[in-house]
Amino acid sequence: MQDLLYIQTNSTSLDAGLLGMTLVVDGQIVDVAEDPVDWPYQTVLEAIQDGWHVVQFPNLALLMDESRTYGLGCEFILEKTKPSG
Amino acid sequence: MSQIASMQPIRPANCEPTLTDSQVLEFCRKGYLFFEAVVPQEVNERAFDFIAEHGQNPLRQEDWFVQNVFLNPPVAGAVRSLLGSNFALPVGVSNHLVECPAPKQNWHRDGGSRYGPQVNNLQVFYYPQDTPAEMGPTEIYPGSHHLFALQSWMGHYDRIRDAIRTSAPAGSIFITAYSIWHRRAASTATGTRNLLKYSYWRTVAPKRDWVAESDFDFSTTEYVPNGLPGQQFRDWYDAAAMFFWLCGDDRPLQAILGGKGWPMGYPPPRSGANTFPPEGFQRF
């Protein structure tokens, strides 16, 4: 089973502040706390320290237009895998 | 040449503008304005019952609805401030009805969103019934009307810092920039939630004919005091560009910037080492 953690940050730095988060555990989208103080991680680095593996770094090809802000910051996608069943 | 048979005539309306410079700028920053419980309760109840019997769209032709909701004084005054005189009344009403409990929606901005400083229409949300958190009110992301995003590429976003839930009593109305990011929150209560949406639009060129503040200083006002999502300096610039577009004259903004060139630089108020542009500065 693959768990997923989408993290949106305000820069590509691994210790940048978080703008958003989506968590998928055991095949279900899990409700992350409304208050960011209660989010399970405050940086990408904290997630890595907790065993998450980065599977996609922010795609810089999408961020090359200074004249326009695209989407919600820089997105990291991380995963944890565990045996099914 | 044949005409489109179903085209509706524009229904212009007018009233006195009520927003001040600061309130117009607040709309430019956040992309919404909130009017709590401004519609009388008997009108809310009548709307609720009317929808159950006739659907929501005929409401646009009902005088009692037009007068109390479309032309609700504080709301219409704000619409007049942002869209100018002879603003056009909505020609359609949609109902984002949901049977609660229901899961949350994906974040999205509505189809047809355009990005830039122009404010040619306003998307409005009206709750004809109490809509606490348990009834799945709309969540909105303040400032996101400046964030370009394709709707189909937003579906994986979930919790967003600084997003707000528009829990509100019956009769509350939100005026929003069309491109603002939003979604229906999850509901846990049982019952029917009605949320009416409709749009006003502009019929005249923009100009600063709202309530001018005598002490509102273009060059020193803080366009975005607390920051908004986006690239450095784009937050204040996007809000300021929208404000001056609404003024119908962006020369004060060009004076702040030192011309039409990029970059937009530090936000006002600038002082000391941050003073820019220097006297006599010119871009080529």
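Residues numbered from 1 in each chain as written. Chains lettered and ligands numbered in written order. Predicted model: local features only at pLDDT ≥ 70, side-chain atom pairs only at ≥ 80, totals over all residues. Heavy atoms only, no water.

(A) Quick look at the overall build of chain B. Scanning chain B from N- to C-terminus turns up six helices and 13 strands. Buried residues in chain B amount to 49% of all 284 residues. The long-range share in chain B, meaning contacts at least 24 apart out of those at least 6 apart in sequence, stands at 84%. When the accessible area of chain B is evaluated, it comes to approximately 13,200 Å², of which 51% is carbon and sulfur surface. (Helix = DSSP H or I, 4+ residues; strand = E, 2+ residues; numbered from the N terminus. Buried < 20%, exposed > 50% of the residue type's maximum accessible area, 1.4 Å probe, protein only. Contact = heavy atoms within 4.5 Å. Areas by Shrake-Rupley, 256 points an atom, 1.4 Å probe, with all protein chains shown as cover.)

(B) Looking closely at the interface of chain A and chain B. Between chain A and chain B, the residue contacts involve 24 residues of the former and 19 residues of the latter. A buried area of about 2,000 Å², summed over both sides, lies between chain A and chain B, and 49% of it is on carbon and sulfur atoms. Put simply, chain A and chain B have three salt bridges between them. Where chain A touches chain B, the interface holds 12 residue pairs in polar contact (both at pLDDT 80 or more). Secondary structure elements with two or more residues in the side of chain A that touches chain B: strand E1 (2-9), strand E2 (18-25) and strand E3 (28-30) of chain A. Of all the elements, E2(A) adds the most residues to the side of chain A that touches chain B, at five residues. Of the residues in the side of chain A that touches chain B, the class split is 12 nonpolar, seven polar and five charged. (Buried area = accessible area lost by both parts, 1.4 Å probe. Salt bridge = Lys/Arg side-chain N within 4 Å of Asp/Glu carboxyl O. Polar contact = N/O pair within 3.5 Å; in protein donor to acceptor, adjacent residues only side chain to side chain. Nonpolar A, V, L, I, M, F, W, Y, C, P; charged D, E, K, R; others polar.)

(C) Broad picture of helix H1 (residues 21-30) of chain B. Every buried residue of H1(B) is listed here: B:Asp21, B:Val24, B:Leu25, B:Phe27, B:Cys28 and B:Arg29. Of the surrounding secondary structure, the elements contacted by the buried residues of H1(B) are strand E2 (32-35), helix H4 (73-83), strand E6 (121-127), strand E10 (172-176) and helix H5 (234-247) of chain B.

(D) Structural view of the environment of B:Tyr32. Residues and elements named next belong to chain B. Its location among the elements puts Tyr32 in strand E2. Taking the C-alpha atoms as reference, Tyr32 lies 27 Å from Gly191; in sequence the two are 159 residues apart. Apart from residues lying up to four places away in sequence, Tyr32 is in contact with Phe27, Ile140, Pro142, Ile164, Phe174, Ile175, Thr176 and Ile180.

(E) How the structure looks around the confidence of the model for chain B. On average, residues of chain B carry a pLDDT of 89, and 87% of them reach 70 or more. Both scores are given for the predicted complex: the pTM is 0.91, the ipTM 0.93. (pLDDT = per-residue confidence, 0-100.)

(F) Seen up close, the confidence of the model for chain A. Mean pLDDT for chain A: 90, with 88% of residues reaching 70 or above. When pLDDT is averaged over each helix and strand of chain A, the minimum, 94, is found for E3(A) and the maximum, 98, for helix H1 (residues 44-49) of chain A.

(G) Region of interest: H4(B). Residues and elements named next belong to chain B. In terms of burial, H4 is largely enclosed, as nine of its 11 residues are buried. When H4 is considered as a whole, its buried residues turn out to be Val75, Ala76, Gly77, Ala78, Val79, Arg80, Ser81, Leu82 and Leu83. Where H4 ends, the next residue or the one after it, Gly84, has phi of about 85 degrees, a positive value.

(H) Seen up close, the pattern of salt bridges. Residue and element names in this part refer to chain B. All told, the structure shown has 16 salt bridges over all chains when counted by the stated rule. Between Lys104 and Asp158 there is a salt bridge, with its nearest N and O atoms 3.1 Å apart. Remark: Asp158 occurs in the loop between strand E7 (138-140) and strand E8 (159-160) and Lys104 occurs in the loop between strand E5 (98-102) and E6; sequence separation between them is 54 residues. Exposure remark for Asp158: the relative accessible area of 3% places this residue in the buried category.

(I) Seen up close, the packing of H1(B) against H5(B). Residue and element names in this part refer to chain B. As a packed pair, H1 and H5 sit with axes 8 Å apart at the nearest point and diverge in direction by 130 degrees. Classified by the angle their axes make, H1 and H5 are oblique. Of the two elements, H1 crosses H5, and the hand of that crossing is right-handed. Residues Asp21, Val24, Leu25, Cys28 and Arg29 of H1 form the contact with H5, whose own contacting residues are Ala239, Met242, Phe243 and Leu246. (Axes fitted to C-alpha atoms, helices over the stretch in contact; angles between N-to-C directions. Parallel < 35°, antiparallel > 145°, perpendicular 65-115°, else oblique. Left-handed = near helix turned anticlockwise from the far one by under 90°.)

(J) Summary view of the packing of helix H2 (residues 41-54) of chain B against helix H3 (residues 63-70) of chain B. Residues and elements named next belong to chain B. Closest axis-to-axis distance for the H2/H3 pair is 11 Å, and the angle between their directions is 130 degrees. Comparing their axes, H3 and H2 come out oblique. Of the two possible hands of crossing, H2 and H3 adopt the one that is left-handed. In contact with Val43, Arg46, Ala47 and Phe50 of H2, H3 contributes Trp64, Phe65, Asn68 and Val69. A breakdown of the residues in the contact of H2 with H3 according to their chemical character gives six nonpolar, one polar and one charged.

(K) The sheet that holds strand E11 (residues 182-184) of chain B, seen in detail. All names here are of chain B. Sheet architecture is open: three strands sit in the order E9-E7-E11, paired in antiparallel fashion. Edge positions in the open sheet fall to strand E9 (164-165) and E11, since each of these has one partner strand only. Relative to E9, E7 runs antiparallel, the two sharing two bridges. Paired with Glu139 across the bridge in E9 is Arg165. (Pairing = 2+ DSSP bridges.)

(L) Inspection of the state of the cysteines at higher detail. The tally for this structure, following the rule as stated, stands at zero disulfides over all chains. Residue B:Cys15 stays outside any disulfide, its sulfur separated by 18 Å from that of B:Cys28, the closest cysteine. (Disulfide = S-S within 2.5 Å.)

(M) Representation of the environment of A:Leu18 within the structure. You can see A:Leu18 is positioned in strand E2. Sequence-wise, A:Leu18 and A:Glu34 are 16 residues apart; in three dimensions their C-alpha atoms are separated by 13 Å.

(N) Representation of unusual backbone geometry within the structure. Each neighbour pair has its own omega, and for B:Cys100 with B:Pro101 the value is 5 degrees, a cis peptide bond. Along the chain, B:Pro101 turns up in strand E5.

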